[in-house]
There are 2 protein chains.
Amino acid sequence: MVSGAGPEIERLTALLSKLPGLGPRSARRASLALLKRKDQLLIPLTRAMQDAADRVETCRICGRLSTQNPCPTCTDPARDQTMICVVEEDSALWAMERVGAFTGTYHVLGGLLSALDGIRPEDLRLDGLVQRVRSGRVREIIMALPATVEGQTTAHYIADRLKSFDNQVEITFLARGVPVGGELDWLDDNTIAHALKSRR
Amino acid sequence: MVSGAGPEIERLTALLSKLPGLGPRSARRASLALLKRKDQLLIPLTRAMQDAADRVETCRICGRLSTQNPCPTCTDPARDQTMICVVEEDSALWAMERVGAFTGTYHVLGGLLSALDGIRPEDLRLDGLVQRVRSGRVREIIMALPATVEGQTTAHYIADRLKSFDNQVEITFLARGVPVGGELDWLDDNTIAHALKSRR
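Residues numbered from 1 in each chain as written. Chains lettered and ligands numbered in written order. Predicted model: local features only at pLDDT ≥ 70, side-chain atom pairs only at ≥ 80, totals over all residues. Heavy atoms only, no water.

Caption draft 1: Local environment of the pattern of salt bridges. Going through the model one piece at a time under the given rule, you end up with 18 salt bridges over all chains. Here A:Asp80 ties to A:Arg139 by a salt bridge, and the two come within 3.8 Å at their closest N and O atoms. You can see A:Asp80 sitting in strand 3 (residues 80–87) and its partner A:Arg139 sitting in the loop between helix 6 (127–134) and strand 5 (140–143), a full 59 residues away along the chain. We classify A:Asp80 as partly exposed; its relative accessible area is 25%. Residue B:Arg120 pairs with B:Asp123 through a salt bridge whose shortest N-O separation is 3.5 Å. On the basis of relative accessible area, B:Arg120 is assigned to the partly exposed category, the value being 46%. (Salt bridge = Lys/Arg side-chain N within 4 Å of Asp/Glu carboxyl O. Helix = DSSP H or I, 4+ residues; strand = E, 2+ residues; numbered from the N terminus. Buried < 20%, exposed > 50% of the residue type's maximum accessible area, 1.4 Å probe, protein only.)

Caption draft 2: Examining the interface of chain A and chain B more closely. In this complex, chain A contributes 48 residues to the contact, which on the side of chain B involves 49 residues. When residues of chain A are sorted by the area they lose upon contact with chain B, A:Glu8, A:Met49 and A:Trp94 head the list and together hold 14% of the total. For the pair chain A and chain B, the interface holds 6 salt bridges. For B:Glu89, the salt bridge goes to A:Lys36, with nearest N and O atoms at 2.5 Å. Those elements giving two or more residues to the side of chain A that touches chain B turn out to be helix 1 (7–16), helix 2 (24–36), helix 3 (38–55) and helix 5 (90–99) of chain A. In terms of residue count, the dominant contributor to the side of chain A that touches chain B is helix 3 of chain A (14 residues). Grouping the constituent residues of the side of chain A that touches chain B by class yields 26 nonpolar, 7 polar and 15 charged. (Contact = heavy atoms within 4.5 Å. Buried area = accessible area lost by both parts, 1.4 Å probe. Nonpolar A, V, L, I, M, F, W, Y, C, P; charged D, E, K, R; others polar.)

Caption draft 3: Focus on the domain arrangement of chain A. Taken domain by domain, chain A comprises domain 1 (7–55) and domain 2 (65–173). The centre of domain 1 of chain A, based on its C-alpha atoms, is set 33 Å off from the matching centre of domain 2 of chain A. (Domains from an automatic or database assignment.)

Caption draft 4: Examining the environment of A:Thr46 more closely. Looking at the element boundaries, A:Thr46 is found in helix 3. Residues in contact with A:Thr46, not counting those within four places in the same chain, are B:Thr46, B:Met49 and B:Gln50.

Caption draft 5: Seen up close, the packing of helix 2 (residues 24–36) of chain B against helix 3 (residues 38–55) of chain B. Residue and element names in this part refer to chain B. In contact at an axis separation of 6 Å, helix 2 and helix 3 are set at 110° when each is read in the N-to-C sense. Accordingly, the angle class assigned to the pair helix 2 and helix 3 is roughly perpendicular. In this structure, helix 2 uses Ala33, Leu34, Leu35 and Lys36 to contact helix 3, whose residues at the interface are Lys38, Leu41, Leu42 and Leu45. In terms of residue class, the contact of helix 2 with helix 3 is built from 6 nonpolar, no polar and 2 charged. (Axes fitted to C-alpha atoms, helices over the stretch in contact; angles between N-to-C directions. Parallel < 35°, antiparallel > 145°, perpendicular 65-115°, else oblique.)

Caption draft 6: Representation of the sheet that holds strand 6 (residues 170–173) of chain A. Residues and elements named next belong to chain A. Taken in spatial order, the 4 strands make up an open sheet running 4-3-5-6, and their pairing is parallel. Sheet topology places strand 4 (104–108) and strand 6 at the edges, where each strand pairs with a single neighbour. In this sheet, neighbouring strand axes are inclined to one another by 25° on average, regardless of whether the strands run parallel or antiparallel. Strand direction decides the pairing type here: strand 3 and strand 4, joined by 5 bridges, are parallel. Bridge assignment links Asp80 to a residue of strand 4, and that residue is Gly104. The sheet contacts of helix 5 involve strand 3 and strand 4, and relative to strand 4 the element is tilted by about 160°. Lying over the sheet, helix 6 contacts strand 3, strand 4 and strand 5, oriented at roughly 150° with respect to strand 4. (Pairing = 2+ DSSP bridges.)

Structure representation (structure tokens):
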């Protein structure tokens, strides 16, 4: 990308374009917005990124991103340490926390099994989960994985692997159905079929 | 935005969401992408931003962003210093430079006149342009402003203001017409009318 903007601005733009959701054009707009609002945006964002780079780690118990290790969720006595909600990424964990309805702990896999992308069980944070279950304190594992082929393959692989332990861990799955506010007309057939089967 | 991600990640996400093209959801995805790719993305981007914050300035002659002041365009003897291309923002200048067909200099206004947004002549980099014209070295001013009401109002305001000087500065406008590869069927009526009127 030769734009005559100078190597500093071009490097900034090239790196910004690697963020999800930003292409070359929106990366240029983002660069310009940063440079035009140096004090209000560029400098505070640089500081926030430096701070995150210095302080954010991966929790050694659940794998979530946090400035504490173990993270607050894994050490909070007010949270039910006998329940583990298994999620793909931190973004799913953040979504669960925004809802505020879950009071247990998490386990962040860091991906999903995928034959296509060559992601195997050893590429995920699975040993840690098995270890937590083996410790004997866990009573329920909630699979909060995406309703996709990869998500469901991963959930069933984990369920199979945990079944081999001779203990009373219950494995549950998030319910499938019509989203709140969802109109039937806009839903795919699979969701409607699921919702019908699980009617109550 | 309470997500239980911790104040560092939330501040990072909040600042990212101020970039053009990123909403709260894509800012969360960008945060996660940065934190998951610390060495490949977060740290290099932080450095590039720090570098830009430290070194990029506004050229005191033309107003463009550059690490040199005056910028290379304003001092390059290979560029025709008697021609000034007037643009709204650096992004338009970068687009012109990508094309590589213009060998003169620029003047970056930093905005457009807008009664709606309360942007008046004194909010733009106009005095510098007048001064450059007054110096007597300029032969042609090319208005490369957007083909919008604000762009055209600004262009005509500048043309009027420069007319008061009793010198032979020629003021030209970018041609309006059918974009290369553009099909008539997809063009608005105004563009077609312009292209017809300026046919050659």
